[in-house]
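Coordinate inspection notes
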Amino acid sequence: MPTELEEGILYVSMEFGTVIHKCPCGCGQKVVTPLSPVGWQLSYDGDTITLTPSIGNWSFVCQSHYWIINNVVQHALKWKKNPIEKGRKNEQKSQKKYYRNKSKK
Ligand SMILES: [Zn+2]
């Protein structure tokens, strides 16, 4: 992983199962999106990369929210406070579920 990130580039680490990029709003924050069955999924069609679900940087000052579809950043409307809290809770729940399922194997 490079320490200096270039704007507009997605850094994909297969080793760490993580995608890192610089926030496209221009704030310069490093955005880390861990890949997992309940986290982000990366799809590569041989030419372009799509990252799902959307990326919501609510811990940053900019609070940007966007999708990366076919290498293109599609900005979404800023989330209001309630959906963010809800989203966080759902995230925690599904992560717990995942780890529980994983430890059974
Ligand atoms: Zn930003």
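Described in the following lines is the structure provided in the data block.

What follows is about the coordination of the zinc ion. Taken together, C23 (SG), C25 (SG), C27 (SG) and C62 (SG) make up the full set of protein donors to the zinc ion, lying 2.2 to 2.3 Å away. Read N to C, the donor residues that coordinate the zinc ion are spaced as C-x1-C-x1-C-x34-C.

Cis peptide bonds are those with omega within 30 degrees of zero, and the linkage from T52 to P53 qualifies with -5°. One non-glycine residue, Q63, adopts positive backbone phi at about 50°. Mapped onto the fold, Q63 is located in the loop between β5 (49-56) and β6 (65-69). Even without glycine at this site, N70 takes up a positive phi of about 50°. With respect to the helices, strands and loops of the structure, N70 is situated in the loop between β6 and β7 (72-75). Using a relative accessible area of 40% as the deciding quantity, one classes N70 as partly exposed.

This paragraph deals with the nonpolar core. The biggest cluster of nonpolar side chains holds 10 residues, and these are V19, C23, V31, W40, L51, I55, F60, C62, Y66 and I68. Put simply, the parts of the chain that give this core at least two residues each are β5 and β6.

Rules used in this analysis
Residues numbered from 1 in each chain as written. Predicted model: local features only at pLDDT ≥ 70, side-chain atom pairs only at ≥ 80, totals over all residues. Heavy atoms only, no water. Donors = N, O, S within 2.8 Å, 3.2 Å for Na, K, Ca; no water. Helix = DSSP H or I, 4+ residues; strand = E, 2+ residues; numbered from the N terminus. Buried < 20%, exposed > 50% of the residue type's maximum accessible area, 1.4 Å probe, protein only. Core = buried A, V, L, I, M, F, W, Y, C linked by side-chain atoms within 4.5 Å.

Any functional reading would require information that these geometric values do not contain.
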